[in-house]
Amino acid sequence: MEFGKVHNLDAVNFSLPPGAAFNARIWAAVEPSPRPQVYIGGPIWANKDYVGKVYPSTTKERDYLHHYTRQFNTIELNLTHYQIPTAGMIGKWKQEATPGFTYCPKFPQVISHERQLVATEALTDEFVNAVLGLEEFLGMPFLQLPPSFGPEKWPVLEAYLKSLPDELDVAVECRHPDWFRTATWNQTLEQLYLLRRHVVMTDVAGRRDVLHMGLSSPVLTLRFIANEGHPTDYSRVDAWVQRLKAWFDKGLQTAYIFVHGGADNDTAPELILYWTRQLNQHCGLNLKEPVLQPKVVQGSLF
């Protein structure tokens with residue numbers, strides 16, 4: 001993932017900003033849940049490095065998804081950004097899913113980036129009908145806006161969101177810097193709140209503005225972009241766990257956490273395990289831990 005990538009991590013202030021002012025509206029409308037729902041996973045299942053570490057050493061490529069859904073309980077489904085899934089793909093994904101597993105598909109780039117939400121009715125219907133076919137395995141679909149899509153295009157975004165069926169949850173990821181001017185962002189959160197739509201936060205080194213810490217619902221969708229196992233990856237998790245503990249106490253009901261390990265996501269499983277253990281320890285959760293094995297390479301363990 002190149003978005004927000006930097007080479008000098010020592011110059012980055014990774015501290016978490018305070019929550020957006022609008023969050024108080026969310027907490028005032030909800031009661032804390034004794035058992036908040038937490039889904040945590042990565043952005044891919046097709047990684048050969050996971051064989052012998054995340055998947056059994058004899059795993060064939062066709063079985064990667066089968067084993068992924070038995071280790072993690074969600075996935076940021078980037079595949080749908082590049083193609084609208086067929087009925088066969090949806091059937092396969094449902095067949096391989098375990099109870100409680102959720103797919104979180106990204107809207108196709110032809111809709112979000114190429115056409116920028118204009119004249120996309122047929123494509124949107126095709127995509128929505130496909131992902132609704134996931135039924136109980138459908139988690140939080142998310143609409144990633146391109147960096148060129150600024151707040152002056154809010155009427156286009158509003159019309160598009162209103163056109164989507166109510167039964168489809170949608171989280172919106174903004175990237176243009178102008179969204180995050182304080183007054184603009186608070187107004188955007190209120191507008192999304194009224195539309196019953198959610199927001200995506202992205203914690204990435206080179207774009208700290210997209211870590212806006214605002215909610216339009218008691219549902220968090222977090223894209224956590226790590227740096228190949230750098231020590232700050234883990235200290236950042238520690239800070240997030242404490243923030244989530246405070247937010248669960250205020251009424252956060254659901255959290256989707258997508259962990260990107262870095263360029264190849266080879267280190268994502270270890271970081272997901274750390275996330276899971278820290279959430280269980282500090283937030284009183286009982287999330288299933290992925291079971292990772294030391295990988296054998298040419299007779300050596302690492």
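### Some thoughts on the overall build of the chain
Part 1: Along the backbone of the chain there are 10 helices and 10 strands.
Part 2: Here the C-alpha atoms of the chain give a radius of gyration of 19 Å, agreeing with the 19 Å that 2.2 N^0.38 yields for 302 residues.
Part 3: In the chain, which comprises 302 residues, the share counted as buried stands at 55%.
Part 4: A separation threshold of at least 6 residues defines the contact pool for the chain, and within that pool the share at least 24 residues apart is 76%.
Part 5: Charged side chains of the chain number 28 positive and 32 negative; the gap between the two group centres comes to 3 Å.

### Quick look at the sheet that holds strand 5 (residues 171-173)
Part 1: Ordered by their spatial adjacency, six strands build an open sheet running 1-8-7-6-5-4, and the pairing between neighbours is parallel. Either end of the sheet is taken by a strand with one partner, and the two such strands are strand 1 (37-41) and strand 4 (142-144). Averaged over all adjacent pairs, the angle separating strand axes in this sheet is 20 degrees, with direction ignored.
Part 2: Here seven bridges tie strand 7 (residues 219-225) to strand 8 (residues 254-260), and the two strands are oriented parallel to one another.

### Observations concerning the side chain of Asn78
Part 1: Turning to its location among the elements, Asn78 is positioned in the loop between strand 2 (74-77) and helix 3 (79-82).
Part 2: Here Lys106 takes part through its side chain, which lies 2.9 Å from a polar atom of the side chain of Asn78.
Part 3: Discounting chain neighbours no more than four positions away, the residues touching Asn78 are Pro43, Lys106 and His260.

### Considering the nonpolar core
Burial of nonpolar side chains together is a common tendency in soluble globular proteins.
Part 1: Core analysis: the biggest nonpolar cluster contains 84 residues, and Tyr103, Trp240 and Trp275 have the highest contact counts within it.
Part 2: Residues Phe142, Ala171, Tyr256 and Phe258 belong to the second largest nonpolar core, which totals nine residues.

### Structural notes on the packing of helix 7 (residues 154-163) against helix 8 (residues 182-195)
Relative placement of two packed helices is described by the angle separating their axes and the distance separating the axes.
Part 1: Taken N-terminus to C-terminus, the directions of helix 7 and helix 8 make an angle of 20 degrees; their axes are 11 Å apart at the nearest point. By the criterion of interaxial angle, the relationship of helix 7 to helix 8 is roughly parallel. The interaxial crossing formed by helix 7 with helix 8 has right-handed handedness. Facing Trp154, Glu158, Leu161 and Lys162 of helix 7, the residues of helix 8 in contact are Gln191, Leu192 and Leu195.
Part 2: Its residues placed into classes, the contact of helix 7 with helix 8 shows four nonpolar, one polar and two charged.

### Some points on the pairing of strand 6 (residues 198-203)
Part 1: With respect to burial, strand 6 is a largely interior element, six of its six residues being buried.
Part 2: Residues His198, Val200 and Thr202 point to one face of strand 6 and Val199, Met201 and Asp203 to the other, with burial holding for every one of them.
Part 3: As paired elements, strand 5 and strand 6 share two bridges and run parallel to each other. Residue pairing across strands places Ala171 opposite His198, the latter belonging to strand 6.
Part 4: Crossover handedness for the path strand 5 to helix 8 to strand 6: right-handed.
Part 5: One ladder, built from four bridges, connects strand 6 with strand 7; its direction is parallel. Looking at the pairing, Met201 lines up with Leu222 of strand 7.

### Here's the deal with empty space enclosed by the protein
Part 1: On inspection of all chains with the given rule, the structure shows three cavities of 30 Å³ or more.
Part 2: Within this model, the second largest cavity holds a volume of roughly 40 Å³.
Part 3: Mapped by element, the contributors of at least two residues to the lining of the second largest cavity are strand 5 and strand 6.
Part 4: Of the residues belonging to the lining of the second largest cavity, the class tally is seven nonpolar, two polar and two charged.

### Digging into the pattern of salt bridges
Part 1: For the coordinates displayed, the defined rule picks out 16 salt bridges.
Part 2: Among the salt bridges present, the one from Lys53 reaches Glu270, with a minimum N-O distance of 3.1 Å. Taken as a pair, Lys53 in the loop between strand 1 and helix 2 (64-68) and Glu270 in helix 10 (residues 268-283) lie far apart in primary sequence, 217 residues in all.
Part 3: Given a relative accessible area of 29%, Glu270 falls into the partly exposed group.
Part 4: In this structure, Arg181 and Asp178 form a salt bridge, with 3.1 Å as the shortest nitrogen-oxygen distance.
Part 5: Arg181 gets classed as exposed once you look at its relative accessible area, which sits at 53%.
Part 6: Each of Glu76, Glu173, Arg175 and Arg223 takes part in one network of salt bridges that share partners.

What counts and what doesn't
Residues numbered from 1 in each chain as written. Predicted model: local features only at pLDDT ≥ 70, side-chain atom pairs only at ≥ 80, totals over all residues. Heavy atoms only, no water. Helix = DSSP H or I, 4+ residues; strand = E, 2+ residues; numbered from the N terminus. Rg over C-alpha atoms; globule rule 2.2 N^0.38 Å. Buried < 20%, exposed > 50% of the residue type's maximum accessible area, 1.4 Å probe, protein only. Contact = heavy atoms within 4.5 Å. Lys, Arg positive; Asp, Glu negative; His and termini not counted. Charge placed at Lys NZ, Arg CZ, Asp CG, Glu CD. Pairing = 2+ DSSP bridges. Axes fitted to C-alpha atoms, helices over the stretch in contact; angles between N-to-C directions. Polar contact = N/O pair within 3.5 Å; in protein donor to acceptor, adjacent residues only side chain to side chain. Core = buried A, V, L, I, M, F, W, Y, C linked by side-chain atoms within 4.5 Å. Parallel < 35°, antiparallel > 145°, perpendicular 65-115°, else oblique. Left-handed = near helix turned anticlockwise from the far one by under 90°. Nonpolar A, V, L, I, M, F, W, Y, C, P; charged D, E, K, R; others polar. Right-handed = clockwise from strand over helix to strand, strands pointing away. 1 Å grid on protein atoms, 1.4 Å probe; cavity = no way out; pocket = protein on both sides within 12 Å on 5 of 7 lines; lining within 4 Å. Points joined across faces, edges and corners; volume = space filled by probe spheres on them. Salt bridge = Lys/Arg side-chain N within 4 Å of Asp/Glu carboxyl O.

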